[in-house]
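# Structural characterization, general
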Amino acid sequence: MRVLVVYDYGGPPLSYFLPVLRARARISVYVPRPERLDPVEHALLSTGAERVLLDDDLWDRRDERETERRVVAAAQDWQADALVCFSELYATQTAGAAEKLGLRGPGTAGAARARDKLLMRDALTAGGLTNVRYRPLRSEEDIVALMSEVGGPVLIKPRRGMSAAGIQRVDRADQARQVFASARESLAGFDVPADTEGAFLVEELLRGDPDLWYPVPGFSDQVCVEGLVVAGEYVPVAITDVTPKVPPLTQSGHISPTSMDVDARRRVIDTAGRAVAALGLDTCGTHVELKLMPDGSCAVVEIAARYAGRTIIPETDFAHGCDLVGALADALLHGTCSARRFDPGSEPSRAAATVHLYGSECLGPHRTPVRFGGFAVHPAELLDRTVRIAGYAERERGWVVEDRVHEQPYWLAQLHLQGTSLVELRDSVRRVRRELQLVPEEE
Amino acid sequence: MKWAEWLPELARIGDDGLRDRTVDVLTEAARRGGWADPSIMWYVEETASGAPPAVRTEVKLVDHLRLVAAAAADMAEQCNRVVGSRTVVDHVLVGGLLHDVGLFELFGPKSPTEPAVPVLRQPLLLRHPYTGARLAEEMGLPTEVVHIIATHSVEGEHTKRSKESALVHWADWATYDVMRAALFPHVPQERAFYYYTGVAS
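Conventions adopted
- Residues numbered from 1 in each chain as written.
- Chains lettered and ligands numbered in written order.
- Predicted model: local features only at pLDDT ≥ 70, side-chain atom pairs only at ≥ 80, totals over all residues.
- Heavy atoms only, no water.
- Helix = DSSP H or I, 4+ residues; strand = E, 2+ residues; numbered from the N terminus.
- Rg over C-alpha atoms; globule rule 2.2 N^0.38 Å.
- Buried < 20%, exposed > 50% of the residue type's maximum accessible area, 1.4 Å probe, protein only.
- Domains from an automatic or database assignment.
- Contact = heavy atoms within 4.5 Å.
- Buried area = accessible area lost by both parts, 1.4 Å probe.
- Salt bridge = Lys/Arg side-chain N within 4 Å of Asp/Glu carboxyl O.
- Phe/Tyr/Trp six-rings, centres within 6.5 Å; stacked < 30°, edge-to-face > 60°.
- Lys NZ or Arg CZ within 6 Å of the ring centre and 35° of its normal.
- Pairing = 2+ DSSP bridges.
- UniProt positions renumbered as here; feature names shortened; annotations may be inferred.
- Right-handed = clockwise from strand over helix to strand, strands pointing away.

The name that an unreviewed UniProt entry assigns to chain B is HD domain-containing protein, with the source organism given as Streptomyces typhae.

Going by what an unreviewed UniProt entry lists, chain A is known as ATP-grasp domain-containing protein and is assigned to Streptomyces typhae.

## Some details on the overall build of chain B
A count of helical and extended segments in chain B gives eight helices and four strands. Beginning at the N terminus, the succession of helices and strands in chain B can be written as α-α-β-β-α-α-α-β-β-α-α-α. Rg of the C-alpha trace for chain B: 16 Å, near the compact-globule value of 17 Å for 201 residues, within the 12% margin. Residues classed as buried in chain B amount to 53% of the 201 residues present.

## Topic: the domain arrangement of chain A
One can read the domain layout of chain A as domain 1 (2–103), domain 2 (133–204), domain 3 (207–348) and domain 4 (349–443). Domain 1 of chain A and domain 4 of chain A are separated by 34 Å when their C-alpha centres are compared.

## A look at the interface of chain A and chain B
The partner chain B presents 20 residues to the 26 residues of chain A that form the contact. Of the roughly 1,900 Å² buried at the junction of chain A and chain B (both faces included), carbon and sulfur atoms supply 61%. Ranking the residues of chain A by area buried against chain B places E35, R36 and F190 of chain A at the top, with a combined share of 28%. One can count two salt bridges joining chain A with chain B.

## Examining the packing of aromatic side chains
With the rule as written, the count across this model stands at 10 aromatic pairs over all chains. Taking 5.1 Å as the distance between ring centres and 85 degrees as the angle between the ring planes, the aromatic pair formed by W3 of chain B and W6 of chain B counts as edge-to-face. Of the two residues, W3 of chain B and W6 of chain B both sit in helix α1 (residues 3–6), three residues apart, roughly one turn of that helix. Take W3 of chain B and W6 of chain B: they sit in the same class, and that class is buried. Each ring, one from W3 of chain B and one from F104 of chain B, has its centre 5.8 Å from the other, and the planes form 70 degrees; the classification is edge-to-face. One end of the pair, W3 of chain B, is in helix α1; the other, F104 of chain B, is in helix α5 (residues 101–106), with 101 residues separating them in the sequence. The rings of Y7, F17, F86 and Y307 of chain A are connected pair by pair, giving a single aromatic cluster. Taking NZ or CZ as reference, R395 of chain A lies 3.8 Å from the ring centre of W411 of chain A, over its face.

## What about the sheet that holds strand β19 (residues 438–440) of chain A?
Residues and elements named next belong to chain A. One open sheet holds the three strands; their spatial order is β17-β15-β19, and the pairing between them is antiparallel. Edge positions in the sheet fall to β17 (400–401) and β19, since each has one partner strand and no second. Both strand β15 (residues 370–375) and β17 contribute to a ladder of two bridges, which runs antiparallel. Looking at β17, one finds that R371 is bridged to V400.

## Topic: the UniProt feature "domain: HD" (unreviewed entry) in chain B
UniProt feature "domain: HD" (unreviewed entry): in the numbering of this structure it lies at residues 62–173 of chain B. Taken end to end, residues 62–173 of chain B is 62% helix and 11% strand, and its two terminal C-alpha atoms sit 16 Å from one another.

## Quick word on helix α6 (residues 117–126) of chain A
All names here are of chain A. For α6, the complete set of buried residues consists of K117, L118, M120, R121, A123 and L124. Packed against the buried residues of α6 are α5 (108–115), β5 (134–137), β6 (154–158), β8 (200–204), α9 (262–279) and β13 (298–304). After α6 finishes, the residue G128 shows a positive phi value of roughly 75 degrees.

## Things to note about the pairing of strand β1 (residues 2–6) of chain A
All names here are of chain A. Counting buried residues along β1, five of its five residues qualify, which places the element largely inside the surrounding structure. What you see with β1 is no split at all: R2, L4 and V6 on one side and V3 and V5 on the other are buried throughout. Pairing of β1 with strand β2 (residues 26–31), which is carried by five bridges, proceeds in the parallel orientation. Looking across to β2, one finds that R2 is bridged to R26. Note on the crossover from β1 through helix α1 (residues 14–22) to β2: the handedness is right-handed. Pairing of β1 with strand β4 (residues 82–85), which is carried by four bridges, proceeds in the parallel orientation. Residue pairing for β4: V5 is matched across the bridge by V84.

## Digging into the pattern of salt bridges
Within the structure shown, the criterion is met by 50 salt bridges over all chains. A salt bridge links R431 of chain A to D384 of chain A, with the shortest nitrogen-to-oxygen separation between them at 3.4 Å. Taken together, the positions of R431 of chain A in helix α13 (residues 422–435) and D384 of chain A in the loop between β15 and β16 (387–394) put the pair 47 residues apart, joining distant regions of the chain. Ionic pairing is found between R66 of chain B and E9 of chain B, a salt bridge with its closest N-O pair at 2.8 Å. Of this pair, R66 of chain B sits in helix α3 (residues 61–83) while E9 of chain B sits in the loop between α1 and α2 (16–33), and the two are 57 residues apart along the sequence. Look at R66 of chain B and you get partly exposed, because its relative accessible area is 28%. By relative accessible area, E9 of chain B is classed as buried at 10%. Among the charged side chains, a network of salt bridges with common partners joins E28, R31, R32, E105, R134 and E138 of chain B.

This is the structure we're talking about:
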């Protein structure tokens, strides 16, 4: 069997998924933007794939039809039996190529609905799910009108964005023009549509209530569901809990398995299933984000026809003893489901978490701007005995911690934790967030 | 964009019109590369070998521009004072501040979660001296300044450099050696860019 991987930014790490695929099929990797590869990626590709096609022709990488044509050509040349793409930017093009070649995939219609938040909202509305109030955004008048309708703050979102870029909150009507301009400007430089008319939508800002959903504190009002669709049948595999955002919208981390009780898990899984069904996907990975509402229902934030990025898949695999990448490969190659369906009553014996720490949380008595000189204690000293550090990164000495509205790219440290006790892992995460303080670099 | 804050050496330029056009070139280069905040972009070295560009997270591009402009301008002023060279300091300053402006256009931010990391926006067929000089010429900078941008690196090795260009060229390479020794000494030097082999010809 042969698999063509379309590789770009996003999804589980290359070092994580390549070996899993290689153990199942002969692998060729097509890279539409090879100029963006770093030396580590080059090395991993050259050793992890049988063939690597670096497309360094000069062509407009925003041209989705041309991209799809090139993916088809690469797949035909490789005689691929399946196409795999973990990147949000190339999901629809890969889906289109798979459909043209008669290969399994999400289907072009489903992939388009997952890629475009406006189409997603329309599909959810048609599917009868609890939905936010929303409208296409062409000018600040649309923002003001929706704010008037919902009576509160709203969110501006690019219809086809990535990594939460361009998502901004509007609290007052007089901020609408400036925030809209700022949102468009923040997308410049990334290959996502921002300047074309109708590239954004505006939607109601939902407020969930985690205290009604979790038996213990320390979680946000949002949750994720990892799974896949195999020949139209949705297979949820895991629920990922999300730790509270660093104001206003900065993601701070996630924990697997979930700490919800059984009834809450059932409600989450039920909503995820109906949401995925509304998109009409055929065969693909899925990542569903839900808001935990005060009335006990879940509202859909987003559905992706691909797996989550970065560490969520490795964490899920570790905590639940599953192999999501392998399951996807089996589904695409053979049409079979090798994934174990989520059991709301199961209690996994392992746990994993990702923690992103930001300067604003670790200042202690110091004021910005301040140069990072390390932490007062080593993060490992704050962990329970059953928790190990599976990965760690911190900024170099001298890194300047400044006031920033959007801190997401400016993390100070990242921890990837694994343990044999969910309770102790949760406690460790809380302790790290609460007690880790930076030390200013000595001049 | 806060160029006056990011590049205080702009204030040393005596000609107001030339300073304004310098800022325009910087702004346009950043816009083409998609840099909403060009001050965060890390320094990056294109390579001649076809290997991926080398990103230096120890220093920002704007700090490198400042360093080269200040060093070259200081040398120009000393040359004028000591030997009466009549070097045009304004051209040295503008050439120094813009010598790597092509990098803003060639590279874009890698991702929303890594906005400071520069990645090529297209396969590299024209290096930054070309793209920077082209932009400067399009936007009406004096030919003397366009010459500095075009010849400051290896592309200028087979060109007769003006004295202003020579100062920017040597300031660029001298400060690079010091910067490398201080900040990333473990990185091997790409010999292709050195033409002094130490062997007597």
